[in-house]
Every structure is written in structure tokens, then in C-alpha cells.
Amino acid sequence: MVGEELAHNAVEIKVHSQMGDNDVHPVGSSSKLLPKRSGQSPAVPSRQQVPSGNFSLFRRLEKMGALDVDKVVHGHEPWRLVSCIWLHAGVFHILSNMLSLLFIGIRLEQEFGFIRIGLVYVISGFGGSLLSALFIQSGISVGASGALFGLLGGMLSELITNWTIYANKLAALSTLVLIIVINLAVGILPHVDNFAHIGGFLSGFLLGFVLLIRPQFGWINQKACPPGYIAPPVKSKHKTYQYVLWVFSLVLLIVGFTGGLIALLRGTDLNNQCSWCHYLSCVPNSLWSCKSDKVYCESSEFGNQFNLTCLSNGKSRIYPLSDDTSSQVQQLCSQLCS
């Protein structure tokens, strides 16, 4: 019963947006409610965190399909790993994403077509959401930064696997790597979900070897040779290293996505297996801290309602009890104390 969960007075909510460490601990109980998540980035716009203080926007996006780890794991709603890609936290957010998509995706779509680039985009977005959900389990998030980073990863692997057809190889490689490094480096700032960026980039990088492979020029010339001309014989459509990269990348994608989904649906927090991985999303220094402040709330039940009081500022509010109240206590407390 929801009422029984809330009746045990003090509720401590520890908000830690970088490592997903938000636990709800009723005093004298060992029960634990899974929390939620966050994100952000520069030239490639980020997966945005929607603060629980803006409760109206928070609830609307949550109902529409924002990524919420608690609902994915306990609500059996894994579709949120994909639906969150198409949601945005405002006009500026969607405009910046669309502008980046034009710059990054237009050349790829012209060369490889809508279907292949669309697959890279959607699957990379899913990969970014999956890795982010395994590491950051606080708040909700929306946006397409994982998918956009996937296109960058696809551009890099496409350059590598089709290396022989490029004229200015080193110039193209160095420029692309610089863009990627700058965008990923910004992810170490606080309140930026670099795990979505890394997951999307790695997914797109592997997908590029699978979907963006080009045939040898000799094979194309042989097929397009006019009657009466003899083109140099080429037996294979692709080079041997292209086939090797294709198989290796496909196996890694299948194993990675399958293992990640199983771990997520079991409620795994990868921060427990990797004590240093949180530095990939935030590096503390003298300019900023990656730690978040704790907020404390006290609750008491009155019939079909419960009263929640923030112990830091004394604010109090009454909420109706419902079936999903227990999963919302942490957001309600964060809103009340903000």
C-alpha cells in the first residue's frame, strides 16, 4: 500500500544528478526507490535534464515518454529508451537539435540515403539512452544528443572503412576527430550527461562499419564499363578488412545491446561495478563540484492524502495518495525544497 510506505515519517532524498544516486530511505526501513536521470553538450546539443522544480513541464514530458529509469525498470516501459529521442524541453532545445542535425546529417543522407542514416540515427539514440540509464538514474531526460553523436561516430567509421577512396585522408580525419573530442570534452562539466553522448557515439561508430560501407572503385568501374572496354578484374565487391570490420562491429553491437538491456531491466547501476566511470560525465576541480546537495523531507499520512514537509526551508504541501505516489516522492521533495 502506498499509504504504508509513506506513513513512516521522515523521508531522506539524496539528490546526485551525476551518478544517479537518488535514494529514498524511510526512517527505520530498508526500502529503496529507484530514481531518475539527466544530460547536456555544446556544438552538438545535449540530452536535457528537466528539473523536478518545474513540475508541470516535468510531468508532461514524463507522461509523453521521457526517459525515466524507474518506469523502464519497474514500470516495464523500455520504449522510453527510444521515445525520449523525439521529445524536447523547449523551442530553443528543438531548434538547436534540428540545426545540428542539418549540419551533421545532410551530407551523410545525400551519400547513403534516408534509410541507412535513419537507422544509424535511431539506433544510436537508443544506445545513448541505454548507457545513460545504466549510469545516471536520477531525473528524467529528453533530447537527441545521443543520436547526433551517433552520426558523428558513423562519419568517423565511414572514413576509416572507406579509407582508400578519400584524397585528403589525414585532413578529414584530424578535423573530424577534433570536433568529436571537443564535444565529448564538454561532457565533463557538471550537469552534462556525457554517458548519452558516449553511448550514442560508440553505437554510431560501430554502425558505420555495418551500414556505411562502400564497394571498391575497381568493382564499380567493372560494373559500369561500357561495351567494348575491358576493366581491370576485381573479384570482391569489398576489401577483406571491410568484411572483418563489418562482422566484428555487428557482433559487438548485438552483444552490447543485449547485455545492456538485461543489466538495465535487472535494475543494475554500473557505478557499483565501475568506481571511476562517473568521471566520464563530471570531473571535479577548483572551479566546480560534482556533488549535489542533500534535501530532506518529512511525510505524514491523513486518510487518502499525505503531507510532505521540506526540512531545509520549512515548506509544506499536501498531496493526494495514488498508486504511483511512492515513485514520485523524490521529485515532490526536490520540487518542495527548490
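Residues numbered from 1 in each chain as written. Predicted model: local features only at pLDDT ≥ 70, side-chain atom pairs only at ≥ 80, totals over all residues. Heavy atoms only, no water.

Asker: How do you make sense of helix α5 (residues 91-112) when you look at a structure like this?
Answerer: Each α-helix turn comprises 3.6 residues. Residues three or four places apart therefore point the same way. For α5, spanning 22 residues, the distance from its first C-alpha to its last is 30 Å, which sits close to the expected 32 Å at 1.5 Å a residue. The largest bend in α5 amounts to roughly 45° and is located at G105. A positive phi of about 90° marks G113, the residue just after α5. (Helix = DSSP H or I, 4+ residues; strand = E, 2+ residues; numbered from the N terminus. Expected span 1.5 Å × (residues − 1). Bend = angle between axes of the 7 residues up to and from the residue.)

Asker: For this particular structure, what's the right way to read the packing of aromatic side chains?
Answerer: Under the counting rule described, the total for this entry stands at five aromatic pairs. Residues F126 and F257 carry aromatic rings whose centres are separated by 5.3 Å and whose planes lie at 85° to one another, so their mutual orientation is edge-to-face. Taken together, the positions of F126 in helix α6 (residues 114-135) and F257 in helix α11 (residues 240-265) put the pair 131 residues apart, joining distant regions of the chain. Through a chain of ring-to-ring contacts, the aromatic side chains of F201, F205 and F209 assemble into a single cluster. (Phe/Tyr/Trp six-rings, centres within 6.5 Å; stacked < 30°, edge-to-face > 60°.)

Asker: Help me out: how do you make sense of the packing of helix α7 (residues 145-161) against helix α8 (residues 169-185) in this one?
Answerer: Helix packing geometry: the angle between the two helix axes and the distance between the axes. Relative orientation of the contacting elements α7 and α8 amounts to 155°, with a least axis distance of 10 Å. Classified by the angle their axes make, α7 and α8 are roughly antiparallel. Where α7 crosses over α8, the two elements pack in a sense that is left-handed. Across the interface between the two elements, F149, L152, M155, L156 and L159 of α7 pack against A172, L173, L176, V177, I179, I180, N183 and L184 of α8. Among the residues forming the contact of α7 with α8, the class breakdown is twelve nonpolar, one polar and no charged. (Axes fitted to C-alpha atoms, helices over the stretch in contact; angles between N-to-C directions. Parallel < 35°, antiparallel > 145°, perpendicular 65-115°, else oblique. Left-handed = near helix turned anticlockwise from the far one by under 90°. Contact = heavy atoms within 4.5 Å. Nonpolar A, V, L, I, M, F, W, Y, C, P; charged D, E, K, R; others polar.)

Asker: What is the right way to look at unusual backbone geometry in this model?
Answerer: One can expect most non-glycine residues to show negative phi and most peptide bonds to be in trans. Backbone geometry at H76 places phi at a positive 55°, although glycine is not the residue there. Of note, H76 is situated in the loop between α3 (69-73) and α4 (80-83).

Asker: Explanation requested: the nonpolar core in the structure shown.
Answerer: Nonpolar side chains in soluble globular proteins generally cluster together in the buried interior. Grouped together as the largest cluster of nonpolar side chains are 43 residues, with contacts concentrated most on Y121, L151, L152 and L264. Those elements giving two or more residues to this core turn out to be α3, α5, α6, α7, α8, α9 (194-211) and α11. For this core, the leading source of residues is α6, giving eight residues. With sequence-adjacent residues up to four places away left out, L151 is seen in contact with L101, I104, G105, L108, I117, V120 and Y121. (Core = buried A, V, L, I, M, F, W, Y, C linked by side-chain atoms within 4.5 Å. Buried < 20%, exposed > 50% of the residue type's maximum accessible area, 1.4 Å probe, protein only.)

Asker: Would you mind showing me how to read the pattern of salt bridges here?
Answerer: Side chains that carry opposite charge are capable of pairing whenever their charged atoms lie near each other. Under the counting rule described, the total for this entry stands at four salt bridges. The partner of E111 in a salt bridge is R107, and the shortest N-O contact between them spans 2.8 Å. With E111 and R107 both in helix α5 and four residues apart, the pair spans about one turn of that helix. When its relative accessible area of 36% is taken as the criterion, E111 is described as partly exposed. (Salt bridge = Lys/Arg side-chain N within 4 Å of Asp/Glu carboxyl O.)

Asker: What should I look at first to understand the side chain of R80 in this one?
Answerer: By secondary structure assignment, the location of R80 is in helix α4. Among the polar contacts listed, one links the side chain of R80 to the backbone oxygen of E62, at a separation of 2.8 Å. In this view, R80 contacts E62, G65, A66, L67, D68, K71 and V72; residues no more than four positions away in its chain are not counted. (Polar contact = N/O pair within 3.5 Å; in protein donor to acceptor, adjacent residues only side chain to side chain.)

Asker: Please explain the state of the cysteines as it appears in this structure.
Answerer: On inspection of all chains with the given rule, the structure shows one disulfide. A sulfur-sulfur distance of 1.9 Å marks the disulfide that ties C274 to C277. Because the sign of the S-S torsion sets the handedness, a value of about 80° for the bond joining C274 and C277 places this disulfide among the right-handed ones. C274 sits in the buried class, given a relative accessible area of 14%. (Disulfide = S-S within 2.5 Å.)

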